[in-house]
Structures are given as C-alpha cells and as structure tokens.
Amino acid sequence: MLEIIDIYKTFNKGTVNEKVALNGVSLKLNDGDFCTVIGGNGAGKSTMLNAVAGVWPVDSGAILIDGENVSALPEHKRAPYLGRVFQDPRMGTVADMEIIENLAIAARRGDRRGLSWGVKKSEREAYREMLARFDLGLEDRMSTKVGLLSGGQRQAITLLMATIKKPKVLLLDEHTAALDPKTAVKVLELSDEIIEENHLTALMVTHNMKDAITHGNRLIMMSDGKIILDISGEDKKALTVDGLLKKFEEASGSKLENDRMLLAD
Amino acid sequence: MMSGILSYFSSLNPLTFLSQLPGNIAQGIIWGLMGLGVFITYKLLDFADLSVDGSFATGGAVTAVLIIAGVPVWAAVLIAMLAGIIAGLVTGFLHTVLGIPGILAGILTQIALYSINLNIMGKANVPVSYRNYDLLLSASNINMAIIIGLVLVAVVIILMYWYFGTEQGSAIRSTGSNPSMSKAQGINISTMKVIALALSNGLVALSGSLFAQYQGFADINMGRGAIVIGLAAVVIGTVIGEGIFKKGMNFILRLFFVVVGAVLYYIAMGLVLWLKMPTDDTKLFTAVVVAVFLAVPYLQDKSKTSFKKVAKRSAKLLTWNDGEGDENA
Ligand SMILES: Nc1ncnc2c1ncn2[C@@H]1O[C@H](COP(=O)(O)OP(=O)(O)O)[C@@H](O)[C@H]1O
Ligand SMILES: [Mg+2]
C-alpha cells in the first residue's frame, strides 16, 4: 500500500529558476492497484515518482509504504520497498557488467552486501528461467555485457531487475517511451504480466493516452504539480480517449494543448 | 655534425641497457602494485584520485621510520598499508560527507600528507639501508626483489579478483559505472566510494613501502607525479592487453596487464635514460607517454565513425549515382 499525503516540492527555491513541481499531491494506492499517470510535459509526473523513491527529500508532506513513514529515508534505504524502471534504458542497468551480474545485484536489493560470491551458482538456473519467459533469447547470453544489448532488451532486463525481489511498489516512468513501437508493445505486455502475476502495486507514467486507458485499474492525470483527475473502477473501464479529453477540459477549465499527448495513440 | 651523431651512437653501449633491464623490471613490478591501486579508483570507481602522490610517500615514510625503530619489516609494511587506508578514508570523507568534488578532495589529502609525511620522518629523507636492517627486498639483490615483487603482485591480483567478484566488490563496480542505478538497487554509494578509496590507497602505500626499501631510503618527494605513473601503468596495460586479447580480455587479465604496463613503462624509462635523455626531462616523457596511450583508444574509436569517413563515403555515393545517371541517359 502506498500513501502520498499532501506533498510539496519546489526546485531552485528563491532563484529566478524557482519551480513548484509538486503542489500538494495526495494519492492512496491499495494493494494490487495498478495506476497509470498521464499529464503534459512538466506536469510533475516524474517528480512525484522521484519523491516516492526518495531521490531528494520533499519540502513537506509524507510518504507511507505499507503504513510505514519512509519520508525520512534516503534513496538507497527506500530502495528495498521499490522497483523502478526509467525512461532511458541505459539508466537502469550497468553497461559494463554481465546480464547475470546485473540481475544478481538487483536480487540483493535491501540485503547487506558482504563478502560472499556476487553471483552464486544456484542463481544461474533461476535467472535462466526468468529470462527465457521474455522470449528475447537472453537466457543463452547471460554472460553478455548489458551494454551490447538493444534498448528494448535492456528495458526488459531492468523490468526483471525491478521485480526480481518483489517490491511493495513498482514505479514505471515512461519506460517504453524510448523504444520502437513494436518493442514498446512487447515491454508493456511484459509489465502487465509481471504486475498481475505478482499482484504488484504499481504507478506507471505514460504519455500515451490509449495505454493509460487500457492498462491498470486506475488512472490519474496531473497538471501543474497537482492531480486533477482520478478515475477508477467501472468509470476507468468505460473510459475512451475522447471521454478522457472531455474530462480534462472540465477538470482544468482549459483545452489540452500538449501535442505529444494528443498525438500519441 | 656527422661525427657528432656517430660519436653519440658509438657512446651507447647496448650492454649497459641490458644490465639495467632487471632493475627496471623490479621497479616496474613494485610500481605495478601502485597501478593496481589506481586501477581501483580510476577504472572501477571512475574517480581520479590524486591522494596517491601523498599516500605513496606515506607508505615509504612509515616503513622507513618503523624499521629504524626496530619494528619487524612485515609489521612495518602492514602498518604502512594501514596508513594508506586511512589516507583513502580521509579523501572519501571529504568527498562523500563534505561534498568536495573528487579531484579536489584528492588534492587536499595529498597536500595534507606532505606535511604529515615530513612529520613522520622528521626530515626530508630517511635512509634505510639493507646493510643495517632486515628488509623485504632491496636493489642490492635485484633477482630476489623481482621474485618477492612477483609473489606480492600475484597475491594482490588473486585477492582483487576474489574481492571484486563478491557482493561488495560488485556493488563498488556498479557504483562506479552507474551510480543512480546503484542507489535504486539499495546500494549506499557513499560507503562504496569510501571503501574503494581506502583499498586503493592501501595498495599505493604498500607500493611506496616496497619502493622505499628497494631504493634504500624514503623521501618526501618520492610520490611526486606517482598518479601519472600509476595511470601510465593502467592505460599502457589496457591498450596492449586489449590489442592482444581483444574481447577475450577478462578481469584477471586486466589486472595482470596493469602490472605489465608498469614494467613496460620502466623499461621505456630505462631506454630513454640509456639514450641519454636528461633526467630533468623524464617527467615530460612520462606525460607524453600517458597522453599518447590515453588518446589511442579514443582516436581508434573515432576513426570508426568520423565525419571525414562520412564525407568520403557520401562523395563516393554521389559520384556513383552520377555515373549511373549518365548510363541511363
Ligand atoms: N531536479 C530538478 N531540478 C530542477 N527542476 C526540476 C527538477 N526535476 C524536475 N524539475 C522541473 O519540475 C517540473 C516537473 O518536471 P517533471 O516531473 O519531470 O515533469 P513530467 O511530468 O514531464 O515528468 C518541470 O518544470 C521540470 O523542469
Ligand atoms: Mg517525466
């Protein structure tokens, strides 16, 4: 369960570049909720995910995971609760380490890293099976350096790394945006499967309205550092792109001007 | 003019060069340990640590003073390493806790160590001759020095191979190449940086300790420019190792070739001194060598995808299209 309670974040306070990125955001996700997040460029979507991840402390408000207040924990201490996949496929993996080494690092998220072997023999078979499911031929290349893989392959591995140790919350930030359309569909399918299978609580940012509508059981829209729409249950199931646009106009009192979001289909 | 050149060449005796070769090799092996220390920070952690100029001399200073005070040589060497480890911890503290940029943190430690080393020694130069003390190795018995050096190198390489394969070692490597991913995987990257800096400077101090014994004295300036020699070992070794093994260059080979790089550097140094380059110019020579070996991989990479090549290829394509057009006409 994730609770975001009235969080605020202003960047570059007191300078000409001052930017209120989160302006009182509250959100409560129940166990197993899969919530998609849409909104224009600069709406504060990534900032909200970064606040949950603890990339920096929030100015005010609180973040609770499973009822525990994690607001004061630095990023690496919050990591055990979270799985994260970023927009840039290079962000989530170490290029000059092998696939299996990357997975082994993720499998120890939250554990003390001591002097036992970095990749145990017994892990190899388990990872092979997990990779085989992806159907990308990665199970036979586990000793390949991740830097030699394509963006889609790297993103699939990051997704596996994010969930290899079941996280309390999975944070996906436009994780298919940098991929070609076919690979994007594949990675999105994988995400769906993994979330469903493990009954994960997830937040997925996307700039694709259709994806936001067809995936998950809940949808929120952000604008100017606020959540301006929150749709779930039967309303979410019945949602169409046109309906969503209309709702946006009602909620914000203005037309949606973000080309990127409108054009995406 | 002509006779000048002739007399220059006739004054060069190949036997002199050959007779100095074992000494060069011994020094190269000792500095190879220093290179392995630099490898940890420069290659694995992606941190240009300049404290090593100081911690190399600290290793020598602590060793000389302790041996003279009657401490057994093995204990003196271990305590010297410990001093190096502490120096690394200080650099790590300056960088991770006080937020001082890496290069500056290293420079601050280096400059502080200059005073500390003077205080340790009480003067700028402390002789420890093999005639008066039991030393681990000495230039008086070069063959023995080479053997002991090689044994230590082998032990260090095996330990490094093991350590960087462990969970902690993997975390250090991932911190070096992708800090934001490492944090997202729950790694405390500050701790990893501090550990790596401590280990690196411990190795550098070990190298300084051995070098002081080898040359029979510790000197306040013995670490001056050490970082560049360490870098020389790493980059020469990497370029040559990758030239030979290409993609087959695994971790243990990478470590091994750092020592090879250090030995080759000292052989090259022996060569230019044999060619009667003034000793004043050797640092210039070192800088040029390191610059060349740093540039090689970059230029190789660039030559594969250069604008000039595109220009040539596109020009070819255009003339070829023109030719075809004529034919059709
Ligand atoms: N680390 C930062 N420093 C300064 N400004 C930032 C930072 N992160 C985000 N911002 C600003 O905050 C606003 C919201 O950004 P972001 O959350 O990335 O938007 P998006 O909804 O497109 O993901 C933007 O104006 C952005 O420029
Ligand atoms: Mg964003």
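Predicted model, so just to flag it, every value in this text is computed and none were measured.

**Notes on the environment of Leu-149 of chain A**
All names here are of chain A.
Line of reasoning, step 1. Within the fold, Leu-149 resides in the loop between α4 (121-134) and α5 (151-163).
Line of reasoning, step 2. Accessibility expressed as a relative area gives 8% for Leu-149, which makes it buried.
Line of reasoning, step 3. Separated by 59 residues in the primary sequence, Leu-149 and Arg-90 have C-alpha atoms spaced 10 Å apart.
Line of reasoning, step 4. Here Leu-149 is in contact with Ile-99, Leu-138, Arg-141, Thr-144, Arg-154 and Ile-157, once residues within four sequence places are set aside.

**Looking at unusual backbone geometry**
All names here are of chain A.
Line of reasoning, step 1. Unusually for a residue other than glycine, Asp-66 sits at a positive phi of about 55°.
Line of reasoning, step 2. Relative to the elements of secondary structure, Asp-66 occurs in the loop between β4 (60-65) and β5 (68-69).
Line of reasoning, step 3. Exposure remark for Asp-66: the relative accessible area of 38% places this residue in the partly exposed category.
Line of reasoning, step 4. Backbone geometry places Glu-174, a non-glycine residue, at a positive phi of 45°.
Line of reasoning, step 5. By the element assignment, Glu-174 lies in the loop between β7 (169-173) and α6 (181-197).
Line of reasoning, step 6. Overall, the relative accessible area of 7% leaves Glu-174 in the buried class.

**Remarks on the nonpolar core**
Generally speaking, a soluble globular protein has its nonpolar side chains buried in company with each other.
Line of reasoning, step 1. Leu-103 of chain A together with Leu-36 and Met-160 of chain B are the most contacted members of the largest nonpolar core, which totals 112 residues.
Line of reasoning, step 2. Examining the composition of this core, we find that 12 residues originate from one element, helix α2 (residues 14-45) of chain B, more than from any other.
Line of reasoning, step 3. When residues of this core are sorted by domain, at least three fall in each of domain 1 (14-277) and domain 2 (282-329) of chain B.
Line of reasoning, step 4. In this structure Leu-103 of chain A touches Tyr-127, Leu-131, Ile-157, Leu-160, Met-161 and Ile-164 of chain A, once residues within four positions along its chain are discounted.
Line of reasoning, step 5. With 28 residues, the next largest nonpolar core counts Ala-43, Leu-49, Val-52 and Val-70 of chain A among its residues.

**Some points on the confidence of the model for chain B**
All names here are of chain B.
Line of reasoning, step 1. Looking at chain B as a whole, its pLDDT mean stands at 93, while 97% of the residues score no less than 70.
Line of reasoning, step 2. Note on residues 325-329: pLDDT under 50 across the span, and zero contacts to partners over four residues away in sequence or across chains.
Line of reasoning, step 3. Taken together, the chains of this predicted complex give a pTM of 0.92 and an interface ipTM of 0.93.

**A few points about the site of ligand 1**
All names here are of chain A.
Line of reasoning, step 1. Taken together, Phe-11, Asn-12, Lys-19, Ala-21, Gly-40, Asn-41, Gly-42, Ala-43, Gly-44, Lys-45, Ser-46 and Thr-47 make up the full set of residues near ligand 1.
Line of reasoning, step 2. In this structure, an oxygen atom belonging to ligand 1 sits 2.8 Å away from a side-chain N or O atom of Ser-46.
Line of reasoning, step 3. In the complex, 64% of the free accessible area of ligand 1, which totals 560 Å², lies under the protein chains.
Line of reasoning, step 4. Mapped by element, the contributors of at least two residues to the shell around ligand 1 are β2 (19-29) and α1 (45-53).

**What about the pairing of strand β10 (residues 226-232) of chain A?**
Line of reasoning, step 1. Relative to β10 of chain A, strand β9 (residues 218-223) of chain A runs antiparallel, the two being bridged by six bridges. Each bridged residue has a counterpart across the sheet, and for Met-221 of chain A the counterpart in β10 of chain A is Leu-229 of chain A.

**Considering the packing of helix α3 (residues 99-107) of chain A against α4 of chain A**
Residue and element names in this part refer to chain A.
Line of reasoning, step 1. In the contact formed by α3 and α4, the axes pass within 11 Å of each other and the chain directions differ by 100°. On the basis of their axis angle, the class for α3 and α4 is roughly perpendicular. Counted together, Ile-99, Ile-100, Leu-103, Ala-104 and Ala-107 of α3 and Glu-123, Arg-124, Tyr-127 and Leu-131 of α4 form the full contact between these two elements.
Line of reasoning, step 2. In the contact of α3 with α4, the residues fall into seven nonpolar, no polar and two charged.

**A few points about the sheet that holds β5 of chain A**
All names here are of chain A.
Line of reasoning, step 1. Here four strands make up an open sheet; going across it, the order is β2-β1-β4-β5 and the pairing antiparallel. A strand with exactly one partner marks an edge of an open sheet, and here the two such strands are β2 and β5.
Line of reasoning, step 2. Strand direction decides the pairing type here: strand β1 (residues 2-11) and β2, joined by eight bridges, are antiparallel. Across the sheet, residue Ile-7 finds its bridge partner in β2, namely Val-25.
Line of reasoning, step 3. Across the sheet, α1 lies against β1, β2 and β4, angled at about 115° from β1, the strand it touches most.

**Focus: helix α10 (residues 226-245) of chain B**
Line of reasoning, step 1. With 20 residues, α10 of chain B should cover 28 Å at 1.5 Å per step; its first-to-last C-alpha distance of 28 Å lies within 8% of that length.
Line of reasoning, step 2. Two residues or fewer past α10 of chain B, Lys-246 of chain B is found with a positive phi of approximately 50°.

**Considering the interface of chain B and chain A**
Line of reasoning, step 1. Taken together, the contact pairs 21 residues of chain B with 28 residues of chain A.
Line of reasoning, step 2. Between chain B and chain A, the buried area comes to about 2,100 Å², and carbon and sulfur atoms account for 57% of it.
Line of reasoning, step 3. When the area that chain B buries against chain A is broken down by residue, the three leading residues are Glu-167, Met-181 and Gln-185 of chain B, summing to 32%.
Line of reasoning, step 4. Here chain B is connected to chain A by four salt bridges.
Line of reasoning, step 5. As a salt-bridge pair, Glu-101 of chain A and Arg-173 of chain B come within 2.8 Å of each other at their nearest N and O atoms.
Line of reasoning, step 6. Counting every contact that joins chain B to chain A gives 14 residue pairs in polar contact (both at pLDDT 80 or more).

**Side note on the sheet that holds β7 of chain A**
Residues and elements named next belong to chain A.
Line of reasoning, step 1. Taken together, the six strands give an open sheet; going across it, the order is β6-β7-β8-β3-β9-β10, and neighbouring strands pair in mixed fashion. With one partner strand each, in any of the chains shown, β6 (82-85) and β10 form the two edges of the open sheet. Taking the axes of each pair of neighbouring strands and ignoring which way they run, one obtains an average angle of 15° across the sheet.
Line of reasoning, step 2. Most of the contacts of α1 go to β7, to which it runs at about 150°, and overall it touches β3 (34-39), β6, β7, β8 (201-205) and β9.
Line of reasoning, step 3. Along the sheet face, helix α9 (residues 241-252) touches β3, β9 and β10 and points at about 140° away from the line of β10.

**Brief notes about the environment of Val-119 of chain A**
Residue and element names in this part refer to chain A.
Line of reasoning, step 1. Locating Val-119 in the fold gives a position in the loop between α3 and α4.
Line of reasoning, step 2. In this structure the C-alpha to C-alpha distance between Val-119 and Thr-36, which are 83 residues apart in sequence, comes to 35 Å.
Line of reasoning, step 3. When sequence neighbours within four positions are dropped, the list of residues in contact with Val-119 reads Ile-100, Glu-101, Ala-104 and Arg-108.

About the criteria used
Residues numbered from 1 in each chain as written. Chains lettered and ligands numbered in written order. Predicted model: local features only at pLDDT ≥ 70, side-chain atom pairs only at ≥ 80, totals over all residues. Heavy atoms only, no water. Helix = DSSP H or I, 4+ residues; strand = E, 2+ residues; numbered from the N terminus. Buried < 20%, exposed > 50% of the residue type's maximum accessible area, 1.4 Å probe, protein only. Contact = heavy atoms within 4.5 Å. Core = buried A, V, L, I, M, F, W, Y, C linked by side-chain atoms within 4.5 Å. Domains from an automatic or database assignment. pLDDT = per-residue confidence, 0-100. Near = heavy atom within 4 Å. Polar contact = N/O pair within 3.5 Å; in protein donor to acceptor, adjacent residues only side chain to side chain. Areas by Shrake-Rupley, 256 points an atom, 1.4 Å probe, with all protein chains shown as cover. Pairing = 2+ DSSP bridges. Axes fitted to C-alpha atoms, helices over the stretch in contact; angles between N-to-C directions. Parallel < 35°, antiparallel > 145°, perpendicular 65-115°, else oblique. Nonpolar A, V, L, I, M, F, W, Y, C, P; charged D, E, K, R; others polar. Expected span 1.5 Å × (residues − 1). Buried area = accessible area lost by both parts, 1.4 Å probe. Salt bridge = Lys/Arg side-chain N within 4 Å of Asp/Glu carboxyl O.

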